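Residue-level structural notes
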Amino acid sequence: MKCHVPGANVKVLARTVHALARFGDELYLESLPDCILLRTLNAAESAYAMVKFNKNFFSYFNYNFYSTEDNEGLKCKISMKSALNTFKSPAHIEKQVENLEIKLDPESCKLIFQLKCRHGIVKTHFVSILDCKAMQAVYTKDSVPNRISSPQRILSDALSNFQSSDDQVTLEATSHSLILRNYIDCSIDLTKVIRTQISLKPAEFDSYLIGADTTITFSLKEFRALLTFSEALNLPLQLHFETTGRPAVFIVHNGTTFEAHFVLATTKPDNASQTTATQNTNVERNKRKDTSTLGSAKKKPHLETDISKCLDEDSHLFNFVDMPGENEINLSNKLSGSIIKDNVNGKDRIDLMDCDNIPASPAARTMIKSVFKRCFESTFDPRSIQGAVLAENSDSD
Amino acid sequence: MDSGKTLCSLLKAIQFQESAVFCALPEGLKLTVEEGKCVQASAYVPSDNFTEYHVRDDVDVMFKISIAVLSECLNIFGSGEESSLKMYYRGEGSPLLLVLQPQSMYNVMTDCEISTQTADSVLELRDEDAEEVAKLVLKAPAFLGLLADIERSCEVFELNLSPEHPNVSIVTYGMQDRSCIDMPKSSDMVQSFSCESPVTLRYQLHHIRSIMKALAISTKVVLRCSSNGLMLLQLKLEKEDQRQMFSEFYIVPLLDD
Amino acid sequence: MKFRAVMIDAGPMREFSNVVTIISKLSKECVLRLTDDHLYFIVSEENSGPSPPVLWCEIPQRMFCSEYQMIGLDEEHKDIYMALSSGNLARSLVTLKTAKSLKMKLTKKQCPCLTLEIETPCVLSQQTRQVTHDIPVTVIPRKLWSDYHEPRIPDPDISIELPSLKQLRTTIDRMRTMASEVVIRASAEGRLTLQIKTDMAKVSTRFKGLNVEAFAGPIEHSDSETEETQANEDMSRICYCRVDAKKLSMFLSAEQIASNRTVCSVVHKKLVILCLQTDENVKLQCFISGIVY
């Protein structure tokens with residue numbers, strides 16, 4: 001792969017890396033005929049980010065430069081720290097960098113980032129490739145009942161009312177209002193913590209569609225990171241979400257050159273302790289009793305994995321993957337794998353189609369040296385199912 | 001002097017050790033700080049920066065003083081304030097006396113007595129026999145920008161100088177990666193460059209980084225490498241009134257194992 | 001017990017936010033006492049962190065609130081005393097500077113809370129949105145009320161008006177890096193000196209021409225103390241007190257709200273009292289006890 005990023009867009013790439021760095025420690029890069037995808041996943045597997053840069057983002061784009069086999073782009077994983085080191089200070093980058101070249105060096109197995117800066121200075125970073133695989137997550141974006149499009153300022157303004165020590169936020173969406181509350185874990189001493197609640201009106205947003213009243217809770221750290229990202233690039237934010245427990249998808253795009261999806265897993269909030277409406281003490285005591293008995297039950301994870309849905313997708317996309325027999329085996333292994341994973345952790349996770357987890361498919365052994373061996377794992381695209389109007393992802397037949 | 005502000009900034013720039021050797025020479029004041037045997041930094045204030053400057057020339061006026069205390073005292077009215085400064089030193093064993101008066105307020109003044117000690121001798125790092133193999137003159141803010149960009153966790157700063165393109169190349173090694181900054185002599189950042197034959201020198205990154213505070217207040221930096229690897233960085237600070245102050249850093253290279 | 005107050009004026013709201021911020025810098029916890037006429041913020045030695053100064057802040061309710069209702073414990077004990085985290089309150093009030101109104105009331109959620117309802121303007125439209133903060137408080141039982149009465153202090157030996165607090169704070173902060181204690185010397189001639197002395201240095205900052213509010217007669221000094229004097233000073237008209245530099249610096253951060261007058265009263269060797277008054281008539285008093293060897 002080899003591509004050139006013109007000066008103005010380098011800042012977008014820098015902001016992307018900084019945002020992704022708040023999500024995960026490893027950066028996955030994949031080059032496809034018409035775009036480049038950057039992805040990351042956090043350690044707890046509860047937050048995923050994917051940013052797609054279309055061909056027109058680049059001034060020169062050759063996705064399989066150096067490839068020995070045709071149609072094979074680059075799939076690799078690099079350390080997030082290395083990526084951050086390359087794009088050190090985004091504010092600076094805007095003023096200094098004229099051009100960026102990203103290319104793969106097949107000999108040394110390194111990804112080379114070369115920044116041509118003002119005054120004739122050239123900065124080159126030789127980044128080691130940690131592994132050669134791709135990573136993708138399954139999530140629904142378009143068939144969700146609840147969609148809000150908002151200028152990011154509204155949300156970041158609302159968030160400024162929360163304490164920096166708050167780490168999760170609950171969003172309660174109805175057709176009349178959107179209420180944001182800081183989420184308090186049952187285990188924290190209530191006498192020490194401030195509870196904050198903000199009510200936003202639908203009229204404040206660019207578009208507000210709540211098909212089903214929902215309450216979702218997700219992590220503030222990643223939410224703040226994605227808000228910072230949309231603020232830096234001065235772009236609005238779209239929220240797509242459905243019922244409690246299903247991941248919420250946040251989208252930032254500029255309509256033409258890039259699109260970013262941030263997917264955060266959600267949990268069911270503990271209702272009794274969350275509401276700030278003043279309650280009659282008797283009622284309160286009763287409610288508390290109820291929640292304490294339900295406490296253990298609530299902690300049990302929700303298995304929102306819709307297995308049949310996955311299978312449909314798979315069969316649909318099997319058509320373009322080479323080795324049908326092996327893929328069937330792989331898929332069932334994968335599914336059982338993901339079910340097991342969900343049971344381990346109370347928080348619901350996004351289904352993770354991690355190519356590397358596929359066991360025992362002999363030809364699929366990818367090693368660092370064999371960058372160009374075809375990745376035999378299925379790399380289906382979840383979004384093609386719903387007839388989503390997306391320019392990209394024309395990999396499906 | 002009318003304003004001790006610049007002097008204070010200069011002292012802060014070399015303040016990476018507790019004490020400094022204060023020398024009052026006929027030409028001006030020089031304060032020197034040493035870290036181990038690897039880095040030696042000096043601040044030099046030529047006498048024309050002072051409105052009045054009297055030094056005995058029959059003896060070496062030299063003593064050891066806490067540079068931290070000295071810069072706090074110089075800054076006693078805050079960095080936003082220009083204060084006039086008077087310094088007095090009677091002789092061996094006497095404290096250094098400072099009198100400061102802020103320009104904007106008439107009813108306040110501060111006097112300080114800072115205790116002094118006998119100075120240890122200053123290590124002479126310069127080797128008269130080693131010749132200069134390369135010289136690079138750069139604009140200080142530009143060089144600061146480059147240094148700031150280098151990943152702090154790297155240990156080694158490798159400098160490659162050569163008459164061929166690219167003339168100046170700084171390489172740093174991370175855990176698994178390598179980063180390289182190339183600066184051709186044609187760049188606007190380079191004011192002059194001379195190098196006879198290619199040379200590669202290695203230094204500890206954190207020693208090189210110790211010049212950053214001084215770079216931030218200077219206008220120009222001259223980098224000289226001698227054949228024994230010793231690097232001398234000379235930084236010039238030009239004030240509004242055209243007077244100049246200087247800081248100097250000698251850095252010892254890493255020896256190859 | 002019931003409490004409800006509403007603030008709608010921008011000036012008082014801004015000042016309220018500033019006052020609470022300063023209190024939070026001085027101490028993590030404080031006591032809020034509500035009476036019919038005033039809100040008091042009280043900080044005392046036992047409460048919090050590494051012994052902060054004792055602080056007493058009076059806010060006249062009428063200058064701040066457009067509505068103010070309270071019902072105390074009973075007919076004889078009309079006040080309400082509650083303990084809360086000043087940090088929590090300060091952080092919640094940060095948005096008060098641009099807010100349209102503030103409503104404070106005592107509520108009972110999972111525990112007794114001071115609920116703040118702040119109406120803030122929306123970013124992009126003319127409308128307002130409501131932000132609610134519930135700050136947990138502990139109601140203080142009547143038997144402990146006597147701990148929080150206005151401190152009774154001995155008459156000061158001298159009261160002198162201080163120069164710009166900002167200036168003082170800069171200087172004290174520089175001195176703090178060199179020594180932990182500072183000696184404040186005030187003379188009836190209108191001179192104030194801040195002095196530190198360590199093995200490494202002796203630094204004195206001298207202010208003159210300050211306004212002396214009151215001077216309670218000649219000060220007695222023992223002979224050993226007179227060695228420090230300058231030749232022309234009359235020791236009977238000078239008193240001093242040694243205090244912790246950090247405490248002094250923390251109080252001086254109140255420079256943000258000080259209007260024009262801050263008076264420093266000194267009880268020779270025993271106590272330093274700093275008293276300031278703001279534009280909206282808030283009175284803030286800080287008591288720093290002297291260090292005696």
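Analysis parameters
Residues numbered from 1 in each chain as written. Chains lettered and ligands numbered in written order. Predicted model: local features only at pLDDT ≥ 70, side-chain atom pairs only at ≥ 80, totals over all residues. Heavy atoms only, no water. UniProt positions renumbered as here; feature names shortened; annotations may be inferred. Helix = DSSP H or I, 4+ residues; strand = E, 2+ residues; numbered from the N terminus. Buried < 20%, exposed > 50% of the residue type's maximum accessible area, 1.4 Å probe, protein only. Contact = heavy atoms within 4.5 Å. Areas by Shrake-Rupley, 256 points an atom, 1.4 Å probe, with all protein chains shown as cover. Expected span 1.5 Å × (residues − 1). Buried area = accessible area lost by both parts, 1.4 Å probe. Salt bridge = Lys/Arg side-chain N within 4 Å of Asp/Glu carboxyl O. Polar contact = N/O pair within 3.5 Å; in protein donor to acceptor, adjacent residues only side chain to side chain. Axes fitted to C-alpha atoms, helices over the stretch in contact; angles between N-to-C directions. Parallel < 35°, antiparallel > 145°, perpendicular 65-115°, else oblique. Left-handed = near helix turned anticlockwise from the far one by under 90°. Nonpolar A, V, L, I, M, F, W, Y, C, P; charged D, E, K, R; others polar. Domains from an automatic or database assignment. Pairing = 2+ DSSP bridges. Core = buried A, V, L, I, M, F, W, Y, C linked by side-chain atoms within 4.5 Å. Phe/Tyr/Trp six-rings, centres within 6.5 Å; stacked < 30°, edge-to-face > 60°. Lys NZ or Arg CZ within 6 Å of the ring centre and 35° of its normal.

Chain C goes by Checkpoint protein in an unreviewed UniProt entry, where it is assigned to Mythimna separata. Check the Sequence similarities (unreviewed entry) section of the UniProt entry for chain C; it says "Belongs to the HUS1 family." Recorded under Subcellular location (unreviewed entry), the UniProt text for chain C is reproduced unchanged: "Nucleus".

As named in an unreviewed UniProt entry, chain A is Cell cycle checkpoint control protein RAD9A, taken from Mythimna separata. Recorded in UniProt under Sequence similarities (unreviewed entry), the annotation for chain A is "Belongs to the rad9 family." In its Subcellular location (unreviewed entry) section, UniProt records this for chain A: "Nucleus".

Take the overall build of chain A next. Within chain A, the secondary structure is distributed over nine helices and 20 strands. Looking at the 397 residues of chain A, the share that counts as buried comes to 56%. Of all intrachain contacts in chain A linking residues separated by at least 6 positions in sequence, the fraction that spans at least 24 positions is 68%. Summed over all atoms, the accessible surface of chain A reaches about 16,700 Å², with 51% contributed by carbon and sulfur.

Further remarks concern helix α1 (residues 7–21) of chain A. Spanning 15 residues, α1(A) covers 22 Å between terminal C-alpha atoms, matching the ideal 21 Å at 1.5 Å per step. Residues of α1(A) that are buried include every one of A:Gly7, A:Asn9, A:Val10, A:Val12, A:Leu13, A:Ala14, A:Thr16, A:Val17, A:Ala19 and A:Leu20, and no others.

Moving on, we come to the interface of chain C and chain B. You'll often see interface size given as the accessible area lost when the parts meet. Taken residue by residue, the interface counts 18 residues in chain C and 20 residues in chain B. Counting each side, the surface lost to burial between chain C and chain B is near 1,600 Å², with a carbon and sulfur contribution of 54%. Here chain C and chain B share two salt bridges between them. Here chain C is connected to chain B by ten residue pairs in polar contact (both at pLDDT 80 or more).

Let us look at the packing of helix α4 (residues 165–176) of chain C against helix α5 (residues 245–252) of chain C. Residue and element names in this part refer to chain C. It is at 9 Å that the axes of α4 and α5 come closest, and there the two elements cross at 150 degrees. Comparing the axis directions of α4 and α5 gives the class roughly antiparallel. You can see that α4 and α5 cross each other, and the crossing is left-handed. When α4 is examined against α5, the residues Leu 165, Leu 168, Arg 169, Ile 172, Asp 173 and Arg 176 are found in contact with a partner set consisting of Ala 245, Lys 246, Leu 248, Ser 249 and Leu 252. Looking at side-chain class alone, the contact of α4 with α5 contains six nonpolar, one polar and four charged residues.

Residues and elements named next belong to chain A. According to the domain assignment, chain A contains domain 1 (2–136) and domain 2 (146–299). Residue-level contacts link 20 residues of domain 1 with 17 residues of domain 2. The junction of domain 1 with domain 2 conceals about 1,600 Å² of combined surface from both sides, 64% of it contributed by carbon and sulfur atoms. Among the residues of domain 1 in contact with domain 2, Arg 15, Arg 22 and Phe 23 are the three that bury the most area, contributing 32% of the side total. At the junction of domain 1 with domain 2, the criterion picks out zero salt bridges.

Within the open sheet, the nine strands sit side by side as β5(A)-β1(A)-β7(A)-β8(A)-β9(A)-β12(B)-β11(B)-β10(B)-β14(B). Their pairing is antiparallel. Edge strands, defined here as strands with exactly one partner in the open sheet, are β5 (60–62) of chain A together with β14 (199–204) of chain B. Across the sheet, the axes of successive neighbouring strands diverge by a mean angle of 15 degrees, strand direction being ignored. Two strands pair when backbone bridges link them, and strand β7 (residues 97–105) of chain A and strand β8 (residues 110–117) of chain A are joined in this way by eight bridges, in the antiparallel orientation. Within the sheet, the bridge partner assigned to A:Asn99 lies in β8(A) and is A:Lys116. Against the sheet, α1(A) touches β1 (2–6), β7 and β8 of chain A, its axis set at about 105 degrees to β1(A).

Formed by 229 residues in total, the largest nonpolar core has its most connected members in A:Leu111 and C:Phe16. What A:Leu111 contacts, discounting residues up to four positions off in sequence, is A:Met1, A:Leu29, A:Leu74, A:Cys76, A:Ile78, A:Ile102, A:Lys103, A:Leu104, A:His125, A:Phe126, A:Val127 and A:Ile129. In this structure, A:Tyr28, A:Cys35, A:Ala137 and A:Ile251 belong to the second largest nonpolar core, which totals 13 residues.

All names here are of chain C. When its domains are assigned, chain C resolves into domain 1 (2–148) and domain 2 (158–289). Between domain 1 and domain 2, the contact holds 21 residues from the first and 19 residues from the second. For the pair domain 1 and domain 2, the summed buried area comes to about 1,800 Å², and 62% of that belongs to carbon and sulfur atoms. Inspection of the domain 1/domain 2 interface yields zero salt bridges.

Each pair of aromatic rings is reported with the distance of its centres and the angle of its planes. For the coordinates displayed, the defined rule picks out 19 aromatic pairs over all chains. With a centroid separation of 5.7 Å and an interplanar angle of 75 degrees, the aromatic rings of C:Phe3 and C:Tyr68 are classed as edge-to-face. Highlighted residues: C:Phe3 in strand β1 (residues 2–7) and C:Tyr68 in strand β5 (residues 67–71), separated in sequence by 65 residues. Comparing C:Phe3 with C:Tyr68 shows no difference in burial state: the two are buried. The lysine or arginine in question, B:Arg178, covers the ring of A:Phe126, its NZ or CZ lying 3.8 Å from the ring centre. When the ring centre of C:Tyr40 is taken as reference, the NZ or CZ atom of C:Arg33 above it lies at 4.9 Å.

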